[in-house]
Amino acid sequence: MNNRAVAGPEVERLIQLLAKLPGLGPRSARRAALHLIKKKDQLLIPLAQAMGVAVEHVTVCSTCGTVDTSDPCTICADTRRDGATVVVVEDVADLWALERAGALNCRYHVLGGTLSPLDGIGPDDLTINKLLERAAEGGVTEIVLAVNATVEGQTTAHYITDRLRGLDVKVTRLAHGVPVGGELDYLDEGTLAQALKARTAF
């Protein structure tokens with residue numbers, strides 16, 4: 001197999017970095033890099049500038065764990081949102097997916113993953129304790145466990161439910177519409193909206 005470079009090290013570096021993005025393999029990364037280079041003024045320069053700004057300003061919200069350019073984030077700072085309902089998600093991508101569905105005007109909590117003993121991920125590696133603190137502070141009446149319908153997701157949901165026992169908080173989970181083994185970020189908005197509206201006690 002011929003693996004010789006076809007361009008200078010700067011272009012090859014761009015290709016290598018693009019290839020690390022989800023959904024892009026080496027061939028797709030080469031096509032994307034070539035497209036960016038061809039559209040240098042319209043795409044490459046603005047993209048580089050936007051990424052530079054992101055590096056400087058994007059931070060993690062100390063309340064919910066999402067990414068934004070402010071702390072607290074836009075969602076946590078929005079006084080029009082229902083602070084009594086907190087939707088718990090595994091990742092920021094899941095939060096964005098639920099926001100696209102627009103089914104609830106609530107607040108969120110990003111766990112940063114799921115419990116996975118085989119991968120060495122325990123409760124202290126996630127933001128579960130922060131969630132428990134939010135629930136214990138008062139004001140939260142319902143926690144919606146919007147985790148993926150995977151073994152790890154359900155294990156995490158059960159663990160959180162057990163830890164919340166004794167607090168005056170209703171714990172619910174997503175209902176029908178989310179397939180077993182499915183991931184929230186890949187579902188359509190209609191399915192997500194229905195799942196949120198038909199949530200049931202866990």
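Owing to the predicted nature of the structure, the values given are computational and were not obtained by experimental measurement.

K.L.:
Can you break down the pairing of strand β5 (residues 142-145) residue by residue, with the values?
P.N.:
Side-chain alternation along β5 places Glu-142 and Val-144 on one buried face and Ile-143 and Leu-145 on a second face that is also buried. Between β5 and its parallel partner strand β6 (residues 170-173), the chain crosses via helix α7 (residues 151-164), and the hand of that crossover is right-handed.

K.L.:
Could you give me a rundown of the environment of Ala-19, with the residues and numbers involved?
P.N.:
Here Ala-19 is to be found in the loop between α1 (9-18) and α2 (26-38). Sequence separation between Ala-19 and Ser-116 is 97 residues; the distance between their C-alpha atoms is 27 Å. Setting aside residues no more than four positions away along its own chain, Ala-19 makes contact with Leu-24, Gly-25, Pro-26 and Ala-29.

K.L.:
Can you explain the sheet that holds strand β4 (residues 106-110)? Please cite residues and give values.
P.N.:
If you walk across this open sheet you meet the 5 strands as β4-β3-β5-β6-β7, and the pairing is mixed. The open sheet has two edge strands, β4 and β7 (200-201), and neither has a second partner. Taken together, the 4 bridges between strand β3 (residues 82-89) and β5 define a ladder with parallel strand orientation. Within β5, the position partnered with Val-88 by the bridge is Leu-145. Packed onto the sheet, helix α5 (residues 92-101) meets β3 and β4 and runs at close to 160 degrees relative to β4.

K.L.:
Explain the confidence of the model for the chain to me, using residue names and the numbers behind them.
P.N.:
Regions with low pLDDT should not have their predicted coordinates read in detail. Summarising the model, the chain shows a mean pLDDT of 91, and 97% of its residues fall at 70 or more. Model confidence for the chain, summarised as mean pLDDT per element, is weakest for β7 at 78 and strongest for β4 at 97.

K.L.:
Quick one: what's the story with the pattern of salt bridges, residue by residue and with numbers?
P.N.:
With the rule as written, the count across this model stands at 6 salt bridges. Arg-81 serves as the salt-bridge partner of Glu-99, at 2.6 Å between the closest nitrogen and oxygen. Pair noted here: Glu-99 is in helix α5 and Arg-81 is in the loop between α4 (74-77) and β3, with a separation of 18 residues, a long-range link. Among the residues examined, Arg-81 registers a relative accessible area of 12% and is labelled buried. Salt-bridge contacts for Glu-189 lead to Arg-100; the nearest nitrogen and oxygen are separated by 3.3 Å. Taken together, the residues Glu-189 in helix α8 (residues 189-197) and Arg-100 in helix α5 connect sequence positions 89 residues apart. Here Glu-189 falls in the partly exposed class, since its relative accessible area comes to 36%. For Arg-100, a relative accessible area of 45% puts it in the partly exposed group. Several salt bridges converge on common partners, so that one network encompasses Asp-78, Arg-80, Arg-81 and Glu-99.

K.L.:
Describe in detail the nonpolar core, supporting the description with residues and values.
P.N.:
Of all hydrophobic cores here, the largest spans 27 residues; its most connected members are Val-87, Leu-98 and Leu-174. Within the residue set of this core, elements represented by two or more residues are α4, β3, α5, β4 and α8. Here this core gets 5 residues from one element, more than from any other, and that element is α5. Excluding anything up to four places from it in sequence, Val-87 contacts Leu-98, Leu-104, Cys-106, Arg-107, Tyr-108, His-109, Val-144 and Ala-146.

K.L.:
Explain a nonpolar patch on the surface to me, and be specific about the residues and the numbers.
P.N.:
A cluster of nonpolar side chains, Val-58, Val-60, Val-67 and Trp-96, forms an exposed patch at the surface whose accessible area comes to about 350 Å². Tracing the backbone through its elements, the reader meets Val-60 in strand β1 (residues 59-60).

K.L.:
Account for the layout of surface pockets, naming residues and giving values.
P.N.:
Put simply, the largest pocket is a space of about 290 Å³. Looking at the largest pocket, it is lined by 13 residues, and the ones nearest its centre are Ala-149, Gln-154, Arg-173, Leu-174 and Ala-175. Of the residues in the lining of the largest pocket, the class split is 9 nonpolar, 3 polar and 1 charged. Estimates place the volume of the second largest pocket at around 190 Å³.

The rules behind these values
- Residues numbered from 1 in each chain as written.
- Predicted model: local features only at pLDDT ≥ 70, side-chain atom pairs only at ≥ 80, totals over all residues.
- Heavy atoms only, no water.
- Buried < 20%, exposed > 50% of the residue type's maximum accessible area, 1.4 Å probe, protein only.
- Helix = DSSP H or I, 4+ residues; strand = E, 2+ residues; numbered from the N terminus.
- Right-handed = clockwise from strand over helix to strand, strands pointing away.
- Contact = heavy atoms within 4.5 Å.
- Pairing = 2+ DSSP bridges.
- Axes fitted to C-alpha atoms, helices over the stretch in contact; angles between N-to-C directions.
- pLDDT = per-residue confidence, 0-100.
- Salt bridge = Lys/Arg side-chain N within 4 Å of Asp/Glu carboxyl O.
- Core = buried A, V, L, I, M, F, W, Y, C linked by side-chain atoms within 4.5 Å.
- Patch = residues over 30% accessible without salt bridge, like charges linked within 9 Å, V, L, I, M, F, W, Y side chains within 5 Å.
- Areas by Shrake-Rupley, 256 points an atom, 1.4 Å probe, with all protein chains shown as cover.
- 1 Å grid on protein atoms, 1.4 Å probe; cavity = no way out; pocket = protein on both sides within 12 Å on 5 of 7 lines; lining within 4 Å.
- Points joined across faces, edges and corners; volume = space filled by probe spheres on them.
- Nonpolar A, V, L, I, M, F, W, Y, C, P; charged D, E, K, R; others polar.

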